[in-house]
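Close look at the chain arrangement
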Amino acid sequence: MHKIVAFLNAEGRINIADERIDIADEHIGIADERINIADERINIADERINIADEHIGIADERIGIADERIGIAKFNSLRINQMLY
């Protein structure tokens with residue numbers, strides 16, 4: 001009788017363990033999906049950073065052009081002032 005009870009107890013525990021393994025597998029699947037979503041978001045963020053870097057480069061070029069034009073304007077202003085006085 002004890003052997004039958006022990007066997008049924010063991011079978012019950014095996015069934016519980018199998019259920020927990022199935023639940024763990026589901027959780028692993030959900031975790032994998034979330035990792036994939038996170039990877040996609042990281043890729044999008046990297047693309048946006050690259051675009052921002054390009055915009056910064058363009059802005060830097062325009063600042064350089066503006067600085068050159070300011071320098072030319074100052075030089076022309078000095079020349080005009082020298083001609084007037």
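A brief structural summary.

Cut-offs and rules
Residues numbered from 1 in each chain as written. Predicted model: local features only at pLDDT ≥ 70, side-chain atom pairs only at ≥ 80, totals over all residues. Heavy atoms only, no water. Helix = DSSP H or I, 4+ residues; strand = E, 2+ residues; numbered from the N terminus. Rg over C-alpha atoms; globule rule 2.2 N^0.38 Å. Buried < 20%, exposed > 50% of the residue type's maximum accessible area, 1.4 Å probe, protein only. Areas by Shrake-Rupley, 256 points an atom, 1.4 Å probe, with all protein chains shown as cover. Lys, Arg positive; Asp, Glu negative; His and termini not counted. Charge placed at Lys NZ, Arg CZ, Asp CG, Glu CD. Patch = residues over 30% accessible without salt bridge, like charges linked within 9 Å, V, L, I, M, F, W, Y side chains within 5 Å. Salt bridge = Lys/Arg side-chain N within 4 Å of Asp/Glu carboxyl O.

The next subject is the overall build of the protein chain. What the protein chain contains, in helices and strands, is one helix and zero strands. Its C-alpha atoms give the protein chain a radius of gyration of 36 Å, clearly above 12 Å, the size a compact globule of 85 residues would have. The C-alpha extent of the protein chain, read off along each of the three principal axes, is 125 × 15 × 10 Å. In the protein chain, buried positions account for 0% of the 85 residues. As displayed, the protein chain offers around 8100 Å² of accessible surface, 60% of which is attributable to carbon and sulfur atoms. Taking the average location of the 10 positive side-chain charges in the protein chain and that of its 18 negative ones, the two points are 8 Å from each other.

Together, Asp18, Glu19, Asp22, Asp25 and Glu26 make up a negatively charged patch on the protein surface. In this structure, Glu19 sits in helix α1 (residues 2-84).

Everything listed here is a matter of coordinates, which is why it stays silent on function.
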